[in-house]
Amino acid sequence: MLTGHKLKALQELIAASSKEEIAWINGYLTGLVGNGHSNGNGHAAASANGNGQSVTTTVKKVTLAFGTETGNAKKLATNLAAVAKKKGINARLIGLDQYKITDLPKEDYFFVVISTQGEGEPPLPAKKFYDYIHENQLSLPELKYSVLALGDTSYPLYCKTGEDVDARFNGFGAKRVVELQRCDVDYEADAQQWFEKVLQYLDTATSLAPTIVPTAAPIEKKAAGKKYYKGLVNTNINLNDRGSNKQTFHIEISSDEKVEYEPGDALAIIPENKKWVVEKILQLTGIDRELEIQTAKKTASVEQLLTKHLNICYLLSSAVKKYASITQQEIPDTRMDLVDLLRIYPVKNAEQFADVVKMLPAIAPRLYSISSSPNAHDGEVHLTVGKHSFQAKNEERFGLCSEFLGELPVGTAITFYIHKNRSFKLPAADKDIIMIGPGTGVAPFRSFLAERDSTGASGKNWFFFGEQHFTTDFLYQTELQNFVATGVLTNIDLAFSRDQADKIYVQHRMLQKAKELYSWIDNGAYIYISGTKDPMSKDVENALLLIIEEQGNKSKEDAVKYLEKMKDENRYEKDVY
Ligand SMILES: Cc1cc2nc3c(=O)[nH]c(=O)nc-3n(C[C@H](O)[C@H](O)[C@H](O)COP(=O)(O)OP(=O)(O)OC[C@H]3O[C@@H](n4cnc5c(N)ncnc54)[C@H](O)[C@@H]3O)c2cc1C
Ligand SMILES: Cc1cc2nc3c(=O)[nH]c(=O)nc-3n(C[C@H](O)[C@H](O)[C@H](O)COP(=O)(O)O)c2cc1C
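Residues numbered from 1 in each chain as written. Chains lettered and ligands numbered in written order. Predicted model: local features only at pLDDT ≥ 70, side-chain atom pairs only at ≥ 80, totals over all residues. Heavy atoms only, no water.

Things to note about the overall build of the chain
So, point 1. Along its length, the chain carries 19 helices and 21 strands.
So, point 2. Each of the 577 residues in the chain was classed as buried or not, and the buried ones make up 49%.
So, point 3. Summarising the internal contacts of the chain: among those between residues at least 6 apart in sequence, 73% fall at separations of at least 24.
So, point 4. Surface exposure of the chain reaches about 28,100 Å², of which carbon and sulfur atoms provide 51%. (Helix = DSSP H or I, 4+ residues; strand = E, 2+ residues; numbered from the N terminus. Buried < 20%, exposed > 50% of the residue type's maximum accessible area, 1.4 Å probe, protein only. Contact = heavy atoms within 4.5 Å. Areas by Shrake-Rupley, 256 points an atom, 1.4 Å probe, with all protein chains shown as cover.)

What follows is the structure in structure tokens.
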């Protein structure tokens, strides 16, 4: 704290300064502190020349790297790079998938914006970078860095990737110049604050003339957490006909409150665990179902916790390890349902099980692309949910959330939140769009078409849809045919894979229409893919590359560059899972 003549001098300086000059002083001092310009006596070591310019700093290399899966981190890093440029800071913007890892020791300032995906994993394009910094011990004593971590507090491992990257750089001896900032799905205000700190730091650290230039937007007041909505299930029907191998539920949810979303966004929901499994656990452990337990996020009865809040399905091996430690048993490194653990490696007593309950992570939310349009379906949100099936222990099992949603009776109250997908958005009304969405991939395109229909958008619309059989699996057949009849859908191409001897998929239909498809693309059409990541989205991308190569008379490499450029222009977007 300042006292005596120093305080007086500061007060005099402030009294004699304009608002802008005070803002400048603020930025300058923040930069000095962030830059570590302090000597042993706590005095600022950097000096200012007669013009108020820092004389200790030189222009250095600033890199802004992003690791993203659904585009949020890229969008934020791009905004920051643009604002930095306006301030005269030449920041290099780069995706971590493109980043040459051997450049790290040559960096001066390295800022990372990165999300967490899967179960606490890095986004796929950042995996190589993430693995490298975890598998190698680097020495980066000169590097100054900071990390903006995107995540979702509803996941058990909140912002884990950002935390890991931050910890590794710290371990490499790099200097953290702005504290790690974690952001929930409503990340704007927190990200903006991190931006401000980074820019203020860079302002002083990299420029000879630190100036306070306003950033893109003023800092919004942060609301208390993300917005949860309460809704009622109005409709829940199976879109597949009798005899189909599939079950796809069309679910309509109404809410008294206006749900803020745009076509391309998803709805996030936390499923409940199956009642019979919870009963089995209560029976196996002998615990009192009414016993109140305090966990990291929630205090409630054991029954409530096991039903609505805690993950008991397919526990991560880290949770199995904790179980082994609490129950003091040797358990192989594996993933397992809690009920199976309890059967094979029983707890000693109810008290020991209470300790197990305390360490269980929360149930992770599941996302579903919204299939309604805010303009066409006022007061409602629609979902298109495929009942997910898989093999485990030699039997067919069903996914927790998709089964839970499929079984929700009309009238059930549910809680949800909106997951914004900023990189899967309709373009301007006059642009043409090509939508490729087999199976539940139809969901965002039903939203796109309804939105374009209700807003009278003039751009052309082409939809590729596929499923197993025409008679049982043509999801939203009547609606799509109506869109064709009214001219909203300019083209529709269908691929029913099992209606003939040879399997026909959407990518085959695309290749059959290669010439027309390329002419749309070359005329500026936007391409969207939605549905299964593997193998569908990869097969579709390969077909697109082939079409660009053959129809555009390009080499393979040029076709890849062409699609990359489309990606950069937001003309090639994916919503795949
Ligand atoms: C942006 C986005 C949009 C999406 N949009 C849609 C959409 O519009 N429609 C749609 O239907 N889906 C959509 N999804 C997928 C959806 O979020 C869920 O992933 C899907 O419904 C499966 O969830 P589940 O809870 O039913 O399955 P889970 O229970 O989570 O099971 C998933 C997988 O975990 C493994 N597993 C689980 N339990 C066990 C066990 N006991 N033993 C062994 N393995 C096990 C299996 O491999 C299984 O396949 C979307 C996903 C994303 C990220
Ligand atoms: C399938 C999936 C899994 C996710 N897993 C996590 C997680 O384990 N921890 C977390 O904090 N956030 C998790 N998230 C939330 C994302 O990090 C968050 O939505 C972020 O804004 C995405 O940024 P991106 O678009 O740059 O990838 C997950 C999101 C999805 C879609």
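Details of the pairing of strand S14 (residues 389-392)
So, point 1. Bridge analysis of S14 against strand S15 (residues 395-398) gives four bridges, and the strand direction is antiparallel. The partner of Ser389 across the bridge, within S15, is Phe398.
So, point 2. Where S14 folds back on S15, the antiparallel hairpin that results is connected by two residues, among which Lys393 adopts a positive phi of roughly 50°. (Pairing = 2+ DSSP bridges.)

As for the sheet that holds strand S12 (residues 366-369)
So, point 1. Within the open sheet, the six strands sit side by side as S12-S9-S16-S7-S8-S13. Their pairing is antiparallel. Strands with a single pairing partner mark the edges of an open sheet, and in this sheet they are S12 and strand S13 (380-386). On average, adjacent strands in this sheet sit at an angle of 40° to one another, irrespective of strand direction.
So, point 2. Pairing of strand S7 (residues 228-238) with strand S16 (residues 413-419), which is carried by five bridges, proceeds in the antiparallel orientation. Among the inter-strand pairings, Tyr228 is bridged to a residue of S16, identified as Tyr417.
So, point 3. Across the sheet, helix H13 (residues 442-455) is in contact with strand S8 (248-254), S12 and S13; its angle to S13 comes to roughly 150°. (Axes fitted to C-alpha atoms, helices over the stretch in contact; angles between N-to-C directions.)

Some words on the site of ligand 1
So, point 1. Taken together, 21 residues surround ligand 1, and among them Leu367, Tyr368, His388, Cys401 and Ser402 come closest.
So, point 2. Between ligand 1 and the protein, one listed contact pairs a nitrogen atom with a side-chain N or O atom of Arg397 at 3.3 Å.
So, point 3. Separating an oxygen atom of ligand 1 from a backbone N or O atom of Cys401 is a distance of 2.8 Å.
So, point 4. Put simply, the parts of the chain that give the shell around ligand 1 at least two residues each are S12, S13, S14 and helix H12 (400-406).
So, point 5. Ranked by residue count, the leading element in the shell around ligand 1 is S12, at four residues.
So, point 6. Tallied by class, the residues present in the shell around ligand 1 amount to ten nonpolar, seven polar and four charged. (Near = heavy atom within 4 Å. Polar contact = N/O pair within 3.5 Å; in protein donor to acceptor, adjacent residues only side chain to side chain. Nonpolar A, V, L, I, M, F, W, Y, C, P; charged D, E, K, R; others polar.)

Some points on the site of ligand 2
So, point 1. Looking at ligand 2, there are 21 residues lining it, with Thr68, Thr70, Ala73, Thr116 and Cys159 nearest.
So, point 2. Between an oxygen atom of ligand 2 and a side-chain N or O atom of Ser115, the distance comes to 2.8 Å.
So, point 3. With respect to ligand 2, the backbone of Thr116 contributes an N or O atom lying 2.6 Å from an oxygen atom.
So, point 4. In the complex, 90% of the free accessible area of ligand 2, which totals 640 Å², lies under the protein chains.
So, point 5. Within the shell around ligand 2, the residues separate by chemical class into seven nonpolar, eleven polar and three charged.

Focus: a nonpolar patch on the surface
So, point 1. A cluster of nonpolar side chains, contributed by Leu2, Leu7, Leu10, Leu13 and Ile14, occupies part of the molecular surface with about 360 Å² of accessible area.
So, point 2. Here Ile14 shows up in helix H1 (residues 4-15). (Patch = residues over 30% accessible without salt bridge, like charges linked within 9 Å, V, L, I, M, F, W, Y side chains within 5 Å. Salt bridge = Lys/Arg side-chain N within 4 Å of Asp/Glu carboxyl O.)

Some details on helix H4 (residues 127-135)
So, point 1. If you check which residues of H4 are buried, you get Phe129, Tyr130 and Ile133. Across the axial projection of H4, the buried residues extend over an arc of 100°, all falling on one side. Residues of H4 that are exposed and point more than 90 degrees away from the buried face comprise Lys128 and Glu135.
So, point 2. Tucked inside the fold, the buried residues of H4 contact strand S3 (109-115) and helix H5 (160-171). (Arc of directions from axis to C-beta.)

Some details on the pattern of salt bridges
Pairing between side chains of opposite charge can happen when the charged atoms of each approach one another.
So, point 1. Per the counting criterion, the structure on display carries 37 salt bridges.
So, point 2. When the shortest N-O distance is used, the salt bridge between Lys387 and Glu403 registers 3.9 Å. Residue Lys387 is found in the loop between S13 and S14, and its partner Glu403 is found in helix H12; the two are separated by 16 residues along the sequence.
So, point 3. Classification of Lys387 by relative accessible area gives partly exposed; the value is 23%.
So, point 4. Lys567 is the salt-bridge partner of Glu564, the closest N and O atoms lying 3.4 Å from each other. Of this pair, Glu564 and Lys567 are both found in helix H19 (residues 556-568), three residues apart, which corresponds to roughly one turn of the helix.
So, point 5. When its relative accessible area of 32% is taken as the criterion, Glu564 is described as partly exposed.
So, point 6. Three or more residues are tied together by salt bridges with common partners; here these are Glu262, Asp265, Lys420 and Lys425.

Describing unusual backbone geometry
So, point 1. Following Asp534, the chain continues into Pro535 via a peptide bond in cis, with omega recorded as 5°.
So, point 2. Backbone geometry at Asn553 places phi at a positive 50°, although glycine is not the residue there.
So, point 3. Following the sequence through the fold, Asn553 ends up in the loop between helix H18 (533-551) and H19.
So, point 4. For Asn553, a relative accessible area of 71% translates into the label exposed.

Points about the sheet that holds strand S18 (residues 461-467)
So, point 1. In space, the five strands of this open sheet follow the order S19-S18-S17-S20-S21, with parallel pairing throughout. Each edge of the open sheet is held by one strand with a lone partner, namely strand S19 (491-496) and strand S21 (572-576). On average, each strand axis in the sheet is tilted by 10° relative to the strand beside it, whichever way the strands run.
So, point 2. Bridge count between strand S17 (residues 433-436) and S18: four bridges; the pairing is parallel.

A short note on the packing of aromatic side chains
So, point 1. Evaluated as defined, the whole model comprises 27 aromatic pairs.
So, point 2. With 6.4 Å between their ring centres and 20° between their planes, Phe129 and Phe169 make a pair best called stacked. Remark: Phe169 occurs in helix H5 and Phe129 occurs in helix H4; sequence separation between them is 40 residues.
So, point 3. By relative accessible area, which is 4% here, Phe129 ends up buried.
So, point 4. What links up through ring pairs into an aromatic cluster is the set Phe424, Phe445, Phe448, Phe463, Phe465, Phe470, Phe474, Phe496 and Tyr528.
So, point 5. Over the ring of Phe398 we find Lys387, and its NZ or CZ is 4.1 Å from the ring centre. (Phe/Tyr/Trp six-rings, centres within 6.5 Å; stacked < 30°, edge-to-face > 60°. Lys NZ or Arg CZ within 6 Å of the ring centre and 35° of its normal.)

Considering the confidence of the model for the chain
So, point 1. The pLDDT averaged across the chain works out to 90; a share of 89% of its residues lies at or above 70.
So, point 2. For the stretch residues 34-58, pLDDT sits under 50, and the model shows 44 contacts to residues farther than four places along the chain or on other chains.
So, point 3. pLDDT under 50 marks residues 208-220. Its contacts with residues more than four places away, or in other chains, come to 31 contacts. (pLDDT = per-residue confidence, 0-100.)

Some words on the packing of H4 against H5
When two helices pack together, their arrangement is given by the angle between the helix axes and by the axis-to-axis distance.
So, point 1. At a minimum axis distance of 10 Å, the contact between H4 and H5 shows a crossing angle of 40°. Comparing the axis directions of H4 and H5 gives the class oblique. As H4 runs across H5, the sense of the crossing is left-handed. Contact residues: Phe129, Tyr130, Ile133 and His134 in H4; Lys160, Thr161, Asp164, Val165, Arg168 and Phe169 in H5.
So, point 2. Partitioning the contact of H4 with H5 into residue classes produces five nonpolar, two polar and three charged. (Parallel < 35°, antiparallel > 145°, perpendicular 65-115°, else oblique. Left-handed = near helix turned anticlockwise from the far one by under 90°.)

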